[in-house]
Each structure stands twice: as structure tokens, then as C-alpha cells.
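Residues per chain are reported as follows:
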Amino acid sequence: MHMKTAIPDFTQQEIDAIYRVMAQRRDVRHFVPDAVDPTVLTRILGAAHLAPSVGLMQPWRFIRIQDAALRAQMVQLVEAERDCTASALGERADAFLRLKVEGLRECGEVIVVALMGQREAHIFGRRTMPEMDLASVACAIQNMWLASRAEGLGMGWVSLFEPQALAQLLAIPPGATPVAIICLGHVEKFYPKPMLEMEAWAQRRTLVDLVYTDQWGGAV
Ligand SMILES: Cc1cc2nc3c(=O)[nH]c(=O)nc-3n(C[C@H](O)[C@H](O)[C@H](O)COP(=O)(O)O)c2cc1C
């Protein structure tokens with residue numbers, strides 16, 4: 001097979017940088033409370049909006065939380081779900097409760113990412129898999145994660161909440177639904193590897209075990 005040379009749009013240094021950002025991106029739960037520069041926040045949201053989306057539906061909506069009382073109520077929601085998760089985990093409950101699972105009180109910025117309503121109108125790429133709207137929002141959040149890391153800011157994705165309760169708190173209309181509480185802010189340092197790995201909750205698997213040829217389980 002003839003191997004064509006790739007289009008040389010980026011220098012080797014730039015190529016290295018994008019892989020380095022991906023490798024050094026972390027889910028962050030320890031923040032220092034300094035404010036996030038609004039121009040940086042605008043760039044990070046701009047990165048989110050550059051994400052791919054099914055049928056170009058751009059189903060993401062961002063709610064910036066500035067009211068301290070609202071943030072405190074969100075902390076309550078997350079705490080309540082943390083307890084429910086611990087109960088559901090059975091014998092791993094204690095180990096789970098020892099983990100830090102969010103930095104909502106300390107982080108400089110809190111942004112809720114929600115799926116828009118009236119998504120039924122968008123059929124292109126969703127007829128058989130309507131959840132592709134959520135996949136699109138996840139792409140936007142990943143862009144925020146990478147942009148934040150490149151900007152030297154930490155970001156954490158918090159999904160420990162009851163979506164209906166959060167929707168009610170933030171006046172999210174019927175049909176729309178929150179999918180992430182994003183904690184964004186300055187950090188002392190980035191964890192060298194996933195915090196859940198450092199805390200021995202789970203380990204990263206080897207890629208070769210997850211890549212198949214031709215059929216599920218087929219050797220590469
Ligand atoms: C969809 C999604 C939801 C997540 N929700 C939470 C959460 O509620 N609390 C938390 O501490 N981490 C959450 N995480 C972070 C993961 O635990 C983390 O990505 C994983 O352990 C790997 O670590 P890394 O992101 O630092 O590579 C979430 C990640 C994703 C992708």
C-alpha cells in the first residue's frame with residue numbers, strides 16, 4: 001500500500017503540543033480560589049463551540065454560575081447524590097466516600113453544560129441513535145478540557161447530581177437537561193495521572209486489549 005505524506009499544516013512542535021495537552025489533561029478536584037480571567041473563559045467556551053456535533057445541531061448550552069447562593073445549593077445537590085452513590089456501591093462505599101469527587105466550593109468558575117430542548121427535530125445522524133446529541137455535548141466538554149489544560153487551568157467534570165433537581169434550580173426548560181457541572185480554575189499543580197488511579201480506585205487499561213481487527217476480540 002502506498003503511504004501518502006500527511007498535509008504539513010503544523011510544525012512538529014505543534015503536533016507534539018497537542019499530544020502533550022491530551023496526555024497531561026486531568027480531571028481536577030483541587031483548586032485554588034483565584035478568579036479566572038474572563039478573556040480566557042471566553043476562549044475556553046469558544047473552544048467548546050468549535051466541537052463537532054451531529055448534523056451540526058450544536059446542542060450545547062452553557063450556564064455560568066455567578067450567584068454564590070446558587071453555587072451553595074448545587075453543592076447540596078452533589079452531596080446528596082454522593083450519599084446515594086455511596087449507598088449504591090455497597091462494599092465499596094467507604095472507599096468511595098474517601099475520594100474527593102469535586103472541587104465545587106473552591107474553583108474560580110462553575111459552568112453548567114446542558115443539552116438543549118426540542119432535539120427531536122434533529123434527525124440527521126440521530127434516527128437510530130438519538131444519544132448522539134449527548135455525544136456531541138461530550139465533544140464540546142472535551143474541547144473545554146483540552147483548552148483549559150493548554151491555558152494552565154484545571155477543569156473537573158462533575159456528574160454526581162440529579163438532573164431534574166439541577167434543571168429546576170437553574171430554570172432549565174422542559175426538554176432541555178443538564179449533563180455536566182464544570183469546575184474550572186487555577187490549581188497548585190496537575191495530578192501526574194488520573195486521581196482515581198493514584199487513589200487505587202481503578203487503573204488505566206492497556207490499549208492493545210481494546211483494539212480489535214475485523215471482529216470483536218479479533219487480534220490486531
Ligand atoms: C462523563 C464524565 C463524568 C465524570 N464525572 C465525574 C464526577 O462526577 N466526579 C469526579 O470526581 N470525576 C468525574 N469524572 C472524571 C473521571 O473520573 C476521570 O476522567 C477519570 O478518572 C480519568 O482521569 P483523568 O480525567 O484525570 O484522565 C467524569 C468524567 C467523565 C468523562
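Here the structure is shown first, and the text comes after it.
Residues numbered from 1 in each chain as written. Predicted model: local features only at pLDDT ≥ 70, side-chain atom pairs only at ≥ 80, totals over all residues. Heavy atoms only, no water.

Visitor: I tried to follow the packing of aromatic side chains on my own but got confused; where do I start?
Guide: Describing an aromatic ring pair means giving the distance of the ring centres and the angle of the ring planes. Summed over all chains, the structure comprises 3 aromatic pairs. With a centroid separation of 5.9 Å and 50° between ring planes, the pair formed by W145 and W157 is classed as tilted. Here W145, found in helix α5 (residues 132–150), pairs with W157, found in strand β3 (residues 154–158); they are 12 residues apart in sequence, far enough to count as distant. Given a relative accessible area of 11%, W145 falls into the buried group. For W157, a relative accessible area of 26% puts it in the partly exposed group. Look at Y212 and W216: their rings are 5.1 Å apart centre to centre, the planes differ by 55°, and that puts the pair in the tilted class. Residue class for W216 comes out exposed when judged on its relative accessible area of 78%. (Phe/Tyr/Trp six-rings, centres within 6.5 Å; stacked < 30°, edge-to-face > 60°. Helix = DSSP H or I, 4+ residues; strand = E, 2+ residues; numbered from the N terminus. Buried < 20%, exposed > 50% of the residue type's maximum accessible area, 1.4 Å probe, protein only.)

Visitor: Would you explain the pattern of salt bridges in this entry?
Guide: If the charged atoms of two oppositely charged side chains come close together, the side chains can form a pair. Enumeration according to the criterion identifies 9 salt bridges in this entry. A salt bridge links E106 to K100, with the nearest nitrogen and oxygen atoms 3.1 Å apart. For E106, a relative accessible area of 23% corresponds to the partly exposed category. A salt bridge links R126 to D133; the nearest nitrogen and oxygen atoms lie 2.9 Å apart. Of the two residues examined, R126 and D133, each falls in the buried class. (Salt bridge = Lys/Arg side-chain N within 4 Å of Asp/Glu carboxyl O.)

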